[in-house]
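Here is how the chains run, residue by residue.
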Amino acid sequence: MATPSQPPIRLTTHRNFVYRLVLATLTGRSVHISQIRSSSPSNPGLAPHEISFLRLLEAVTNGSQMEISYTGTILVYKPGLITGSAAGLGASGGVVKHELPSGCTRGVSYFLLPLCLLAPFSKAPMNVLFTGPGVITSATPTGDMSVDSARTAVLPLYSQFGIFNNIELRILRRSNPGHNGKGGGGEVQLTFGHQVRLPKTLHLMNSGRIKKVRGVAYSTGVSASNNARMIETARGILNPFVPDTYVFSDVSSAPLVRAPGEKIPSGKQRTGLGFGLSLVAESSTGCLFSADVASPPAGGQPPEDVGKHCAYQLLETISKGGCASSAAAPTMFTLMAMGSEDVGRLQLGREVVADENIIQLARDLTKFGAAGWGIRDAGDNLDGDVIVSVVGRGIGNVGRKVA
Amino acid sequence: LHRKRPKFRVTDLTRMMYDESITPAEVVRKWRGENSALESNGSEGEHREDGDDFFKKTDGEKDDQWDYRAIPEFDYEELENKFGNNDMIESLRRRFASTKLSSRNNE
């Protein structure tokens with residue numbers, strides 16, 4: 001553990017909130033975040049999904065302390081040890097059950113991706129069941145990827161860091177965003193059983209060429225023909241590029257959630273109807289590019305449009321070049337920064353680096369004591385990619401040191 | 001100062017990346033070679049006549065509304081135009097394994 005005398009790292013605003021907390025937990029430094037939406041007249045302070053994420057952190061760590069000011073605009077977080085789902089620490093039967101409230105507007109991948117970053121450095125295997133009336137497994141209008149993309153485009157990235165055993169993301173029940181984009185009724189279980197001392201140093205410089213596209217079309221509570229229609233339009237656009245395109249179709253009924261009415265206290269309600277498409281392109285060198293579009297909660301968008309948008313989004317993501325999409329880059333950079341004290345390299349498209357989130361992440365990493373990134377032009381490249389060099393911090397897994 | 005900068009120069013990025021006086025959004029805009037004043041005029045054109053203090057207020061609020069997105073917002077009509085274009089399709093083809101780089105380029 002870091003020496004307790006270290007002053008907390010002072011940060012402002014809610015930008016990059018989850019990744020800041022992840023970095024704090026991984027490096028063991030406490031953080032003081034102020035001015036969280038302090039100038040907002042209607043919703044000052046931490047948002048419900050951010051509070052939910054803090055609860056999740058508390059559940060998978062031991063000894064974390066968090067203090068939130070009266071208005072919610074200041075947070076002090078002292079991280080504990082990442083214990084995962086060790087017995088006796090909030091886990092029952094080796095599973096941490098995390099319930100998301102019905103007002104949640106973010107998809108479950110908002111919680112899953114940061115949790116996956118903590119999992120390799122945990123003391124015991126991570127086994128978390130997301131449940132409750134706020135679990136949205138589809139893509140959301142708030143910009144989260146669907147669980148399918150998280151499973152097929154982000155989790156495989158960990159194998160490049162030497163983390164590949166016993167990782168499973170099970171989608172037990174699907175749900176789209178409910179009324180007004182709030183809540184769902186899905187259920188997702190993440191098992192992350194591969195804990196490492198340090199992730200391997202990554203050198204990913206060859207993006208290869210796209211050789212196949214896989215995808216999942218999902219319909220919850222609506223007709224299965226929506227899937228067929230989405231798949232047909234998406235394939236129509238992608239087939240000239242990639243003949244090896246295969247999209248799975250998953251149809252499920254809408255989840256039932258408890259909705260206590262005035263007359264019937266045990267009332268239940270169907271929620272989270274809708275459909276969506278997740279596409280993942282894989283290159284010959286194992287680079288993954290994903291695209292996600294789901295029907296808006298208000299409805300009114302034909303499945304053809306969803307399929308078309310998703311296919312174009314995939315082409316756009318591919319055209320940006322590099323070895324990782326902007327959706328996967330934060331995960332890769334964080335793992336690289338936590339790796340052994342060696343220089344890892346990652347080739348990225350310029351448009352991917354020219355992203356607020358990435359620049360904010362780079363700044364936050366230096367605040368947490370990582371060395372600055374080296375950026376240079378990739379030679380002999382038609383897309384004008386850049387190579388980002390990241391020096392690992394070599395902290396690795398505190399819980400593993402004793403083992 | 002007002003001359004047009006070359007876009008996406010790596011040295012520009014390394015200079016701005018860790019400069020805390022520039023917000024990340026501004027870094028991105030500058031690196032892309034977009035004129036920052038032009039940009040804000042475009043998005044808030046209707047509020048221009050309301051004066052400067054009002055301007056700041058809306059800006060701050062927009063900042064507060066901002067939240068992390070894994071998938072950025074796309075303008076799908078623009079994308080459709082972009083990829084409906086034959087030149088664009090041809091230039092994208094070399095990123096795909098199905099393309100034989102020499103023979104099928106003229107197709």
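The preceding data block contains the structure.
What counts and how
Residues numbered from 1 in each chain as written. Chains lettered and ligands numbered in written order. Predicted model: local features only at pLDDT ≥ 70, side-chain atom pairs only at ≥ 80, totals over all residues. Heavy atoms only, no water. Helix = DSSP H or I, 4+ residues; strand = E, 2+ residues; numbered from the N terminus. Buried < 20%, exposed > 50% of the residue type's maximum accessible area, 1.4 Å probe, protein only. Contact = heavy atoms within 4.5 Å. Pairing = 2+ DSSP bridges. Axes fitted to C-alpha atoms, helices over the stretch in contact; angles between N-to-C directions. Polar contact = N/O pair within 3.5 Å; in protein donor to acceptor, adjacent residues only side chain to side chain. Core = buried A, V, L, I, M, F, W, Y, C linked by side-chain atoms within 4.5 Å. Buried area = accessible area lost by both parts, 1.4 Å probe. Salt bridge = Lys/Arg side-chain N within 4 Å of Asp/Glu carboxyl O. Nonpolar A, V, L, I, M, F, W, Y, C, P; charged D, E, K, R; others polar. Parallel < 35°, antiparallel > 145°, perpendicular 65-115°, else oblique. Left-handed = near helix turned anticlockwise from the far one by under 90°.

Q: Please clarify how the overall build of chain B should be interpreted in this entry.
A: Scanning chain B from terminus to terminus reveals six helices and zero strands. Starting at the N terminus and walking to the C terminus, you meet the elements of chain B as α-α-α-α-α-α. The 107 residues of chain B split such that 29% are buried. Pairs at least 24 apart in sequence give 10% of the contacts found in chain B among residues at least 6 apart.

Q: What is the right way to read the sheet that holds strand β9 (residues 167-173) of chain A from this model?
A: Across a sheet, strands are paired by hydrogen bonds formed along the backbone, either parallel or antiparallel in direction. All names here are of chain A. Strand order in this open sheet of four strands is β7-β8-β10-β9, and the pairing throughout is mixed. Pairing within the sheet leaves two strands with one partner each, and these edge strands are β7 (96-99) and β9. The sheet shows a mean angle of 15 degrees between the axes of neighbouring strands, taken without regard to direction. In the sheet, β7 pairs with strand β8 (residues 126-131) via four bridges, with the strands oriented parallel. In the sheet register, V96 faces β8, and the bridge partner there is V128. Contacts between helix α2 (residues 48-60) and the sheet are confined to β7 and β8, with β7 contributing the most and set at about 170 degrees to the helix. Strands β8, β9 and β10 (187-192) of the sheet are contacted by helix α3 (residues 109-118), whose axis makes an angle of about 170 degrees with β8.

Q: Help me out: how do you make sense of the environment of S253(A) in this one?
A: Examined against the element boundaries, S253(A) turns out to sit in the loop between β13 (245-252) and β14 (256-258). Distance in space between the C-alpha atoms of S253(A) and G272(A) is 9.6 Å, their sequence separation being 19 residues.

Q: Please explain the side chain of N16(A) as it appears in this structure.
A: Relative to the helices and strands, N16(A) is located in the loop between β1 (9-12) and α1 (17-27). Engagement of the side chain of N16(A) in a polar contact is seen with the side chain of D364(A), the distance being 3.1 Å.

Q: I tried to follow the sheet that holds strand β5 (residues 75-78) of chain A on my own but got confused; where do I start?
A: Residues and elements named next belong to chain A. Read across the sheet, four strands follow the order β1-β2-β5-β4 without closing on themselves; strand pairing throughout is mixed. Across the chains shown, the open sheet's two edge strands, defined by having one partner strand only, are β1 and β4 (65-68). The mean inter-strand angle of the sheet, taken between neighbouring strand axes irrespective of direction, is 15 degrees. In this structure, strand β2 (residues 31-34) lies alongside β5, joined through three bridges in antiparallel fashion. Within the sheet, the bridge partner assigned to V31 lies in β5 and is Y77. Contacts between α1 and the sheet are confined to β1, β2 and β5, with β5 contributing the most and set at about 30 degrees to the helix. Strand contacts of α2: β4 and β5, with the helix running at about 160 degrees to β4, the strand carrying the most contacts.

Q: Help me out: how do you make sense of the nonpolar core in this one?
A: One recurring pattern in soluble globular proteins is that nonpolar side chains are buried together. By size, the foremost hydrophobic cluster in this structure holds 133 residues, and its most contacted members are L21(A), F130(A) and F333(A). For F333(A), the residues in contact, after removing those within four places along its chain, are L346(A), L348(A), I358(A), L361(A), W373(A), V388(A) and V390(A).

Q: Can you walk me through the interface of chain A and chain B in this structure?
A: Where interface size is quoted, it is often the accessible area lost as the parts come together. The interface of chain A with chain B comprises 63 residues on the first partner and 47 residues on the second. Sorting the residues of chain A by area buried against chain B places R209(A), F241(A) and R363(A) first, and these three jointly supply 15% of that buried surface. Taken together, the connections running from chain A to chain B amount to four salt bridges. With a closest N to O distance of 2.8 Å, E316(A) and K82(B) form a salt bridge. One can count 23 residue pairs in polar contact (both at pLDDT 80 or more) joining chain A with chain B. Elements with a contribution of two residues or more to the side of chain A that touches chain B: α2, β12 (210-220), β17 (288-294), α6 (303-319), α8 (350-353), α9 (356-367) and β19 (374-377) of chain A. Each residue belonging to the side of chain A that touches chain B can be placed in one class, and the counts come to 24 nonpolar, 20 polar and 19 charged.

Q: Is there a simple way to explain the packing of α1(A) against α2(A) in this structure?
A: Pairs of packed helices are described in terms of their axes, by the angle between the two and the distance that separates them. Residues and elements named next belong to chain A. In the contact formed by α1 and α2, the axes pass within 11 Å of each other and the chain directions differ by 20 degrees. It follows from the interaxial angle that α1 and α2 lie roughly parallel. In this structure, α1 meets α2 at a crossing whose hand is right-handed. Of the residues in α2, those in contact with F17, V18, L21, V22 and T25 of α1 are E50, F53, L54 and L57. A per-class count over the contact of α1 with α2 returns seven nonpolar, one polar and one charged.

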